[in-house]
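Below, each chain spelled out in residue letters.
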Amino acid sequence: MVEKEAENSASTPLDLFLKIGLEEKTAKNTIANTKVTNNLLAVIHEAGVTEGCNRTVGNLLYTAATKYPANALVHRPTLLGYIVSAKIKTPAQLEAAFSFLSNTASESFNSNEFEEACGVGVEVSEEDIKRTVNEVFEQNKASILELRYRTNVGDLFGHIRKRLPWADPKIVKKLVDAKLLELLGEKTAADLEKPAKQKKEKPAKVQDKKVADSPVQTSEEDLNPFLIFPNPDENFKVHTEVFFSNGSVLRCSNTRELLDKHLKATGGKVYTRFPPEPNGYLHIGHAKAMFVDFGLAKERGGCCYLRFDDTNPEAEKKEYIDHIQEIVEWMGWKPFKITYTSDYFQNLYDLAIELIRRGHAYVDHQTADEIKEYREKKMNSPWRDRPIAESLKLFDEMRVGLIEEGKATLRMKQDMQSDNFNMYDLIAYRIKFTPHPRSGDKWCIYPSYDYAHCTVDSLENITHSLCTLEFETRRASYYWLLHALGIYQPYVWEYSRLNVANTVMSKRKLNFLVTKNYVDGWDDPRLMTLAGLRRRGVTETAINAFVRGIGITRSDGSLIRLDRLEHQIREELNKTAPRIMVVLHPLKVVITNLESGSIMDVEAKKWPDAQSDDASAFYKVPFSNVVYIEHSDFRMKDSKDYYGLAPGKSVLLRYAFPIKCTEVVLAEDNETVLEIRAEYDPFKKTKPKGVLHWVPEPSSQVDPLRVEVRLFEKLFNSENPAELEDWLADLNPQSKEVVSNAFAVPSLGNATVGESFQFERLGYFTVDKDSTPDKLVFNRTVTLRDGYGKAGK
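The notes below deal with the structure included here. Everything numeric here is computed off the predicted structure, so don't read it as measured data.

Another point: helix α3 (residues 24-31). Among the residues of α3, Thr-26, Ala-27 and Thr-30 are the ones counted as buried. One side of α3 holds all its buried residues, which, seen down the axis, span an arc of 100°.

In C-alpha cells, the structure reads:
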C-alpha cells in the first residue's frame, strides 16, 4: 500500500512534464490549463514516455498535445511513434504531419505518402544548405545592399525554407548570419542606429496577444480554437444558474426528452447562426462573429444559418440585406440556409400567447419614461398582476391595431428585485404602425430582440448560441424565457468583442460618419467596415487569419492595435501581390549620354525570387534617355547615411543601370529642383549603394502612364476615440491624401479593379472602383514597414 502511494506521488502531472524536458515555468503554466494538461498527459501515456525522454522529443510531444487536429485523433498514437523514434524530429516535419492528418481525418492513410509529406528520412547536408543560401542571397542582393542590416532576415529564411523545407534551422541561421557578414562586413554606426520613434499618446488599454511560454512557439493561425465547445449531445448539463430575489435558483438545462427530440431533428450535428440586424454595413467585428459562428459549424461538419434579425422595420433596408449576403459570401462562408426572424412572426406570436397563459407575461400601459423610472426604483408595474384573460384580450387588440402606438407593450413577468437589470420585466412586444419590408402590413406588433432572439434560436434547433460579452448579462433572461415556455435550450457562450484601435465600431457612429459625409460612404477605405477593407485591397483570407489569430477569448476591454492587422495583411500580400514601379512625386532625369528616342528594354521582376527561366515572373520596362525618380530621392547635399541621388553621386536604377548626377536645373528661386541631368554607366562598372525605383518616358516626348494614388492613414488620432466626449474632434484631417499625377510603368495600364500590387519601396496598392479607361486610381492598402512583425507578436 505504501509503495502504491509513493508511485502515485512520483507520477504527478508536474513530475511527468519535467521528465519530458519541459522547463519548470512552462510545466507549471501548463498545469494551470486543465485542457492542455489533460491533452499532454494523454500524449505522454500514448507515446510510452512516462519514464521521460530527451528535451527535443518532449518539445515535439508538447506541440502535439496543443496543436494536434481534433478530427484525426485516431491517428495520434501513430504520429507519436514517429516522434519517439526520431523519424519526425523537427517542428517543420511536425507541422507537415498535422496538415496531412487534418486532411486525412479519421480515414486510413498510406504510410509512404505520409512519410513523403513529412520528409521522413530526408537528410539535407550542410553543403546543400550553403548552396541554397548563396542562391537566395544572389537573387536578393540589391535589396540586401540597400537595406543592409535592416534586411528582413525572416524573408530570407522563408525563401530557403521554401526550397529546403527539412533543412536544420540552426544550420540555416548560422550560414545566413555568416553570409550577411561576408556581404556587408561589420555593422557600421549607421547600422547600429535605432530608427527614430514617433511619440505616441498613452493608449487606453491596448492588448497585444502574448505568446504562451512554451518550448515551441505555436502558430496562432494553426490552433483549433473550437475545442472549447461541447458536443450537442452534452447539452443536458446545467449550463447557467439564474438567481431570483426570493432565494430560489433556476438551474437551466434540457430534459432528456427535449434533448432527444432536438438531436433527432438535427441528426446530432452542430447548428449555429450568424444573426446580423440589417441596419447598416458589417464591420471587422462581424468578421470575428462570422468566424466563430460559421467556423464552429464548419469545423464540426455542421450547419450555420444566416439569420437576419429584422424585428425593427424602421431601421432596416434592402440595401443592407443585399450587402450582408454579398459580404458573407466574399468572406468565404456558405450559409446552410438564409432565414429572417420575420419568418417566425406567427410562431413568436403563438408562443407569446402561451407565455401569457402560463402567467409569465402581461400587457402594460406604462410609457417608456415610466418603465425606465420604475426599473431604476425596482418597482413593479401597476398592471403586472392583471388577470391573464385581460392580458390575452388586450394583446389581441394590440395585434389587430385597436391600441395606439406607445400605449401598450407586452412585458415578461420576470424579477423586478433581481440584481440583474436584464430580469426587470423586459419588453416582449411593442406596437409599431410601420409596414415591414418582408411581411408588409400584416403585423403592427413586433417582437423585441430579448424575446425573439432566444425563441428563434430554439425554433431553429441552434446547438451553440454564440455572442459577444456584452450579452452575458442577458443569459439569465434568455434561459428564463425558454424555461418558462418549456422549449429546447441551446448552449450559450460569450466571447470578447473585436475592438480595433483608431476607429469606431458602433453602427450608430458609423452611420453618422456616412450620412454626415465625414467619409465617402460605407465602403470608404478608411473605415473598418468589411466593404471598406475590401475596397482598400484587404483580402478576406487576411481578415480571417487575423481574427483566428486573436482567438475566441473571453478577455474583454482591450484594443487590438492596427499594426497587428496590418502585419497580417502584409503577410498575405507579400505572397500574392506582384511588384511594379510607380513614382508618386516625379522628378525628371535626363540621361545625357543616351541618344534621345533611343529605347532599350530591361527586365524587371514581379517577384523577388523569380526564376530566370520563368518568363511570366518578369515584365519589360523601356529604358530611355528621360526617366523619373521620386523627388524625395534627390538632395542637393549628400551625407554618409543617405543612399539617394545628389550632385556628383551615383545610384542604381533598379533592374537597369547606374546613373551619376552631373547637373541640376533649378527654378528662378534658385532652390526648387526642376530637372536632373545625369550620365548612365552602360557597362555597370559602377557599384553604388543606393537603389532607386523609377519610371521612364515610354517613347520620346511622351509622358509616362499617369495614375491617381490615394494614401490613407488612421481615421482617428486617438487609439480609443469612442471613449472621448467629442469623438468627432479626434478625426484625423490627414487620413486621406490624393496624389493626382503619379507616374507608372507602361505595363500597369492593364490593371483591373480589385487587382493588388506592391509598388516597390512604397507599399501595397489596389485598383479602386473609381478608375476609368482614361485614368487608373489606386488605394494604398498598407505600407511596407511592419512594426508589429519586427517588434514581435
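Continuing now.
Right, let's get into empty space enclosed by the protein. Under the criterion given, the structure shown has four cavities of 30 Å³ or more. Here the largest cavity defines a volume of roughly 120 Å³. If you trace the largest cavity, you find it lined by Tyr-449, Asp-450, His-453, Cys-467, Phe-471, Arg-474, Arg-475, Ser-477, Tyr-478, Val-492 and Glu-494. Of all the secondary structure elements, the ones that give two or more residues to the lining of the largest cavity are α20 (449-459), α21 (475-485) and β12 (491-495).

Across the sheet, which stays open at both edges, the three strands sit in the order β4-β5-β6 with parallel pairing between neighbours. The open sheet is flanked by β4 (271-274) and β6 (337-340), the only strands paired with a single partner. Shown here is a sheet whose adjacent strand axes are inclined to one another by a mean of 30°, direction ignored. When β4 meets strand β5 (residues 303-308), the two strands line up parallel, connected through four bridges.

This paragraph deals with the nonpolar core. Of all hydrophobic cores here, the largest spans 51 residues; its most connected members are Phe-623, Trp-694, Val-709, Phe-759 and Phe-778. Of all hydrophobic cores here, the second largest spans 50 residues; its members include Phe-291, Phe-294, Cys-304 and Ile-550.

Of note, the phi angle at Asn-461 is positive, near 60°, even though the residue is not glycine. The residue Asn-461 is located in the loop between α20 and β11 (464-468) in this model.

Turning our attention to the sheet that holds strand β19 (residues 626-630). Across the sheet, seven strands lie side by side as β23-β20-β21-β22-β16-β19-β24; this open sheet has mixed pairing. What marks the edges here is a single partner per strand, and that holds for β23 (691-692) and β24 (695-696). Across three bridges, strand β20 (residues 650-653) lies against strand β21 (residues 658-666) in antiparallel orientation. Note that in β21 the partner of Ser-650 across the bridge is Lys-660.

This part takes up the environment of Lys-588. Summarising the element assignment, Lys-588 is placed in strand β16 (residues 586-591). Given the relative accessible area of 27%, Lys-588 is considered partly exposed. In the structure, Lys-588 is positioned 108 residues away from Pro-696 in sequence and 9.4 Å away in space, judged by C-alpha atoms.

Between α20 and α21, whose axes approach to 9 Å, the crossing angle comes to 60°. Classified by the angle their axes make, α20 and α21 are oblique. Both α20 and α21 take part in a crossing whose hand is right-handed. Contacts between α20 and α21 pair Asp-450, Tyr-451, His-453, Cys-454, Thr-455, Asp-457 and Ser-458 from the former with Tyr-478, Leu-481, Leu-482 and Leu-485 from the latter. Residues of the contact of α20 with α21, tallied by class, amount to six nonpolar, three polar and two charged.

Each pair of aromatic rings is reported with the distance of its centres and the angle of its planes. For the structure shown, the criterion picks out 35 aromatic pairs. Aromatic pair Phe-229 and Trp-493: ring centres 5.2 Å apart, planes at 85°, arrangement edge-to-face. With Phe-229 in the loop between β1 (206-207) and β2 (240-243) and Trp-493 in strand β12, this pair connects stretches of sequence that are 264 residues apart. On the accessibility criterion, Phe-229 (4% relative accessible area) is buried. By relative accessible area, Trp-493 is classed as buried at 13%. When the centroid spacing of 5.2 Å and the interplanar angle of 85° are considered together, the rings of Tyr-305 and Phe-336 count as edge-to-face. With Tyr-305 in strand β5 and Phe-336 in the loop between α16 (318-330) and β6, this residue pair connects regions lying 31 residues apart in the sequence. Take Tyr-305: its relative accessible area is 8%, and that puts it in the buried class. Using a relative accessible area of 37% as the deciding quantity, one classes Phe-336 as partly exposed.

This structure, assessed with the given rule, holds 55 salt bridges. Across the pair Glu-123 and Lys-89 runs a salt bridge whose closest N-O atoms are separated by 3.4 Å. Linking Glu-123 in the loop between α8 (111-118) and α9 (126-139) with Lys-89 in the loop between α6 (76-84) and α7 (91-104), this pair joins segments that are 34 residues apart in sequence. Among the residues examined, Glu-123 registers a relative accessible area of 60% and is labelled exposed.

Conventions used here
- Residues numbered from 1 in each chain as written.
- Predicted model: local features only at pLDDT ≥ 70, side-chain atom pairs only at ≥ 80, totals over all residues.
- Heavy atoms only, no water.
- Buried < 20%, exposed > 50% of the residue type's maximum accessible area, 1.4 Å probe, protein only.
- Helix = DSSP H or I, 4+ residues; strand = E, 2+ residues; numbered from the N terminus.
- Arc of directions from axis to C-beta.
- 1 Å grid on protein atoms, 1.4 Å probe; cavity = no way out; pocket = protein on both sides within 12 Å on 5 of 7 lines; lining within 4 Å.
- Points joined across faces, edges and corners; volume = space filled by probe spheres on them.
- Pairing = 2+ DSSP bridges.
- Axes fitted to C-alpha atoms, helices over the stretch in contact; angles between N-to-C directions.
- Core = buried A, V, L, I, M, F, W, Y, C linked by side-chain atoms within 4.5 Å.
- Parallel < 35°, antiparallel > 145°, perpendicular 65-115°, else oblique.
- Left-handed = near helix turned anticlockwise from the far one by under 90°.
- Contact = heavy atoms within 4.5 Å.
- Nonpolar A, V, L, I, M, F, W, Y, C, P; charged D, E, K, R; others polar.
- Phe/Tyr/Trp six-rings, centres within 6.5 Å; stacked < 30°, edge-to-face > 60°.
- Salt bridge = Lys/Arg side-chain N within 4 Å of Asp/Glu carboxyl O.

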